[in-house]
Amino acid sequence: MLNKPDDLTAMSSAELQKLLLETNTRLLELETEYRKKSDHLTENQLKLKKAHDELNYTRHQLLEREAKLNSILNASIEGIIVINKAGIIVSVNSAVEKIFGFSAEELIDNSISLLMPIAMRKNQDYYLEKYLRIYIPKAIGQIREVEGLRKDGTLVPLDMTIAEFPLDGLQYFSGIVRDVSARKAQELQEKEHLEKLAHVTRLGLMG
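Reading guide: rules and limits
Residues numbered from 1 in each chain as written. Predicted model: local features only at pLDDT ≥ 70, side-chain atom pairs only at ≥ 80, totals over all residues. Heavy atoms only, no water. Helix = DSSP H or I, 4+ residues; strand = E, 2+ residues; numbered from the N terminus. Contact = heavy atoms within 4.5 Å. Areas by Shrake-Rupley, 256 points an atom, 1.4 Å probe, with all protein chains shown as cover. Pairing = 2+ DSSP bridges. Axes fitted to C-alpha atoms, helices over the stretch in contact; angles between N-to-C directions. Salt bridge = Lys/Arg side-chain N within 4 Å of Asp/Glu carboxyl O. Buried < 20%, exposed > 50% of the residue type's maximum accessible area, 1.4 Å probe, protein only. Core = buried A, V, L, I, M, F, W, Y, C linked by side-chain atoms within 4.5 Å. Polar contact = N/O pair within 3.5 Å; in protein donor to acceptor, adjacent residues only side chain to side chain. pLDDT = per-residue confidence, 0-100.

Observations regarding the overall build of the chain
- Secondary structure summary: the chain contains 7 helices and 5 strands in total.
- Scanning the chain from its N terminus toward the C terminus, one meets helices and strands in the order α-α-β-β-α-α-α-α-β-β-β-α.
- Relative to all contacts within the chain whose residues are 6 or more apart in sequence, the contacts with residues 24 or more apart total 37%.
- Within the structure as shown, the chain displays about 15500 Å² of accessible surface, and the carbon and sulfur contribution to it stands at 59%.

Right under this line is the structure:
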């Protein structure tokens, strides 16, 4: 402990030198301690800045990848619907909006039963449970012909393929649907043409 200023006059030269040495030593210790803390703080600031820069870079990369994926998905002529295991729609691409007439906002966070035919929606809980538990697992990786319900209440024939994938410990299903109305119309036209041809042929044979 330093002596009071009044005590210094009563101290010998040796005692003053000793006190000066102790004071200088303590000042040096404080300066060294300050430099260490300052260096440590600077190091932490550099680490924090590096982590911040890496986080910004990663975020930029993710946003860029998301933008690319969205552009690819939205450029697809096939509708892509992602649902969770409860049958809730979590994402759709722009083709789904065109096929069904619903906006993405009207579909996301709603049940997939919104796109099912009225007959199935009358007993929604039963059909949805059966759809999720039985139909989807059997349909994974295969092309199935189904009917979907447009916003205007009309049915649309679809070719559908289903895939399952995990994300953050949860299971999701993605359905890829293609509007085959034109193909069905062509098939119906060809069938009617063949029936007319067969009818004319029968008449000719009878004649």
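Notes on the sheet that holds strand β3 (residues 143-149)
- Spatial ordering of the open sheet is given by β2-β1-β5-β4-β3, a layout of 5 strands whose pairing is antiparallel. Of all strands in the sheet, those bounded by a partner on one side alone are β2 (89-92) and β3. Averaged over all pairs of adjacent strands, the angle between strand axes in this sheet comes to 35 degrees, irrespective of strand direction.

Structural notes on the pairing of strand β5 (residues 170-179)
- Strand direction decides the pairing type here: strand β1 (residues 79-84) and β5, joined by 6 bridges, are antiparallel. Looking at the pairing, I80 lines up with I176 of β5.
- In terms of strand pairing, strand β4 (residues 155-167) meets β5 through 10 bridges, oriented antiparallel. Pairing of F165 across the sheet is with Y172, part of β5.
- If you look at the hairpin formed by β4 and β5, you'll find 2 residues sitting between the two strands, and D168 has a positive phi there, around 55 degrees.

Brief notes about unusual backbone geometry
- Located in the positive-phi region is D109, a residue other than glycine, with phi close to 75 degrees.
- With respect to the element layout, D109 can be found in the loop between α4 (104-107) and α5 (118-121).
- The backbone phi angle of D168 is positive, close to 55 degrees, even though this residue is not glycine.
- Along the chain, the position of D168 falls in the loop between β4 and β5.

Quick word on the pattern of salt bridges
- Summed over all chains, the structure comprises 11 salt bridges.
- With a shortest N-O distance of 2.9 Å, E78 and R178 are connected by a salt bridge. Here R178 lies in strand β5 and E78 lies in the loop between α2 (13-75) and β1, a separation of 100 residues in the sequence.
- In this structure, R150 engages D179 in a salt bridge whose closest nitrogen and oxygen atoms are separated by 3.6 Å.

Details of the pairing of β1
- Most of β1 is tucked away, with 5 of its 6 residues classed as buried.
- Summarising the sheet, β1 and β2 pair through 3 bridges and their orientation is antiparallel. Bridge assignment links I81 to a residue of β2, and that residue is V92.
- Counting the residues between successive antiparallel strands, the hairpin from β1 to β2 contains 4 residues, one of them, G87, with a positive phi of roughly 85 degrees.

Here's the deal with the nonpolar core
- Counting 23 residues, the largest nonpolar core has I81, I83 and F100 as its most contacted members.
- Counting residues per element, the ones that place at least two in this core are β1, β2, α3 (94-100), α4, α6 (124-139), β4 and β5.
- Aside from chain neighbours lying at most four places away, what touches F100 is I81, L115, G148, L149, R150, K151, V156, L158 and V177.

Digging into the side chain of N93
- Within the secondary structure layout, N93 lies in the loop between β2 and α3.
- Residue class for N93 comes out buried when judged on its relative accessible area of 3%.
- Polar side-chain contacts of N93 include one of 2.9 Å to the backbone nitrogen of I80.

Digging into the confidence of the model for the chain
- On average, residues of the chain score 81 in pLDDT, and 86% of them are at 70 or above.
- Helix α1 (residues 5-8) is the least confidently modelled element of the chain, averaging 56 in pLDDT, while α4 averages 94, the highest of any element.

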